[in-house]
Amino acid sequence: MKIFHTADWHLGKLVQGFYMTEDQHYILQQFLTAIDEEQPDVVIIAGDLYDRSMPPIEAVNLLNDTLAEIVLKRKIPVLAIAGNHDSAGRLSFGSQLMRDSGLFIKGQYSKTDTPVVLTDVFGDVHFHLVPYVEPAQIRTIFEDETIRTHQDAMEAVVNHLTENLDSTKRHVLIGHAFVTKYGEEEANTSDSERPLSIGGSDCVNAALFEPFHYTALGHLHKAHFVLNETIRYAGSPLKYSLSEHLHEKGFLIVELDEEGHVTVQKRKLHPRRDLRVVEGLMSDLLQLPPSDDYVFVRLTDTIPVQSPMERIRTVFPYAMHLERKTAYQATNQAVQAVEQEKIEDIDLFRSFYETVVGQLPNEQAEHLFTDMLQELLDEERESIQ
């Protein structure tokens, strides 16, 4: 079975004041062309179809048109799940009606979910759709008060899935989470993707997904595998922040054979406008060939420059951001110093508690603090969306 694995479209994305909808339309046209060339059996979108829970109408229309091209015109099924940026309820609307057309969208998790079964010449492939969900929701669904972290939540979900896993079939899991090699906190390669929770509790151990022949992940914007080559992030189809300017964007073509062994090929997508960094003296930058790329400019001039952005935009009309190299270096050094001496939230709480009360907090007090802090983080995420 040939699978197209993509994720993190973030339709309706706004980057440094520039709406990316036209760029997203351009890149999705390339994706449709690749579908015509490769003729996949199924397309997976592993979450964050939209950039926020209430996307602009242009983004809704773009998703609608793209899915119609794939499902209705090309008759290729699409399996999609909600990510942390999506509104689970809105994505779930009409999902039962759309299944008959080949569009399977899972916005909200339920213990009664059954896999989507597709068939190739070798038999059935079971696709398990696991949308993004907060640990508190899984704690309620499973009635288990010990579920506190994303690791706990995913472990409960995967254990439930594998209880009745048919070993004679091939199995693909589609998920949206921060999966790391050993479930330990790692740096995110994109600052356009906000954290899921506090203090590293958003990390999920990749070993959980070993029962599946392939795990198609979304959330992290850089394409890579975790632990082994069957557990993969497709990455986003476009660059959405300065931290992504060196990423090679695209999607994955996954071939699943009769035994469930996979081969993976990355297919690059080429944007209408690249997102890149230019650096140098103003006089030198003004001599560069004009470009419509999105650029982040680092000036190395040591003396003040009058109207720098206006002058830069005579060469780079889509310049997104401009900063002094010296200021950038100082900021970077300051950030590194803070990172080296950073106090974790729980350590800061312990220090404050000891100062006020005269002793360290007990386990119950620490749990109460982390629960309250998580609630505040969730409320902030909802307000941003």
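A few points on the structure. Here the structure is a predicted model, which is why all the values come from computation and not from measurement. (Residues numbered from 1 in each chain as written. Predicted model: local features only at pLDDT ≥ 70, side-chain atom pairs only at ≥ 80, totals over all residues. Heavy atoms only, no water.)

With that out of the way, let us pick up the packing of aromatic side chains. Summed over the entire model, instances satisfying the criterion amount to eight aromatic pairs. Ring centres 4.7 Å apart and planes at 45 degrees place the aromatic pair Phe-4 and Phe-251 in the tilted group. One end of the pair, Phe-4, is in strand β1 (residues 2–6); the other, Phe-251, is in strand β15 (residues 250–256), and 247 residues separate them in sequence. Comparing Phe-4 with Phe-251, the two get one shared label, buried. Ring centres of Phe-31 and Phe-251 lie 5.0 Å apart, and the angle between their planes is 90 degrees; this geometry places the pair in the edge-to-face category. Taken together, the positions of Phe-31 in helix α1 (residues 21–38) and Phe-251 in strand β15 put the pair 220 residues apart, joining distant regions of the chain. Here Phe-31 falls in the buried class, since its relative accessible area comes to 2%. (Phe/Tyr/Trp six-rings, centres within 6.5 Å; stacked < 30°, edge-to-face > 60°. Helix = DSSP H or I, 4+ residues; strand = E, 2+ residues; numbered from the N terminus. Buried < 20%, exposed > 50% of the residue type's maximum accessible area, 1.4 Å probe, protein only.)

Attention now goes to the nonpolar core. Counting 38 residues, the largest nonpolar core has Phe-31 and Val-43 as its most contacted members. Among the elements of the structure, α1, β4 (42–45), α2 (57–73), β5 (78–81), β6 (103–106), β15 and β18 (294–299) are those that each provide at least two residues to this core. Ignoring any residue separated from it by four or fewer positions in sequence, one finds Val-43 in contact with Phe-4, Thr-6, Phe-31, Ile-35, Ile-70, Ile-76, Pro-77, Val-78 and Leu-79. Listed in part, the 27 residues of the second largest apolar core include Tyr-109, Phe-142, Ala-177 and Val-179. (Core = buried A, V, L, I, M, F, W, Y, C linked by side-chain atoms within 4.5 Å. Contact = heavy atoms within 4.5 Å.)

So, about the environment of Leu-62. Mapping Leu-62 onto the fold places it in helix α2. Take Leu-62: its relative accessible area is 6%, and that puts it in the buried class. Taking the C-alpha atoms as reference points, Leu-62 and Leu-11, separated by 51 residues in sequence, lie 7.8 Å from one another. In this structure Leu-62 touches Leu-11, Thr-21, Gln-24, His-25 and Leu-28, once residues within four positions along its chain are discounted.

Let's shift gears to the sheet that holds β18. Ordered in space as β17-β18-β19, the three strands form an open sheet in which the pairing is parallel. Two strands close off the open sheet at either side, each with one partner strand: β17 (275–280) and β19 (319–324). In this sheet, adjacent strand axes meet at a mean angle of 15 degrees when their direction is disregarded. Bridge count for β18 against β19 is five bridges, and the pairing is parallel. Note on β19: the bridge partner recorded for Leu-299 is Arg-324. (Pairing = 2+ DSSP bridges. Axes fitted to C-alpha atoms, helices over the stretch in contact; angles between N-to-C directions.)

This brings us to helix α5 (residues 135–142). Taken together, the buried positions of α5 are occupied by Pro-135, Ile-138, Arg-139 and Phe-142. Relative to the axis of α5, the buried residues are bounded by an arc of 105 degrees and lie together on one face. Among the structural elements, α6 (150–162) are those in contact with the buried residues of α5. Positive backbone phi, at 50 degrees, marks Glu-143, one or two positions downstream of α5. (Arc of directions from axis to C-beta.)

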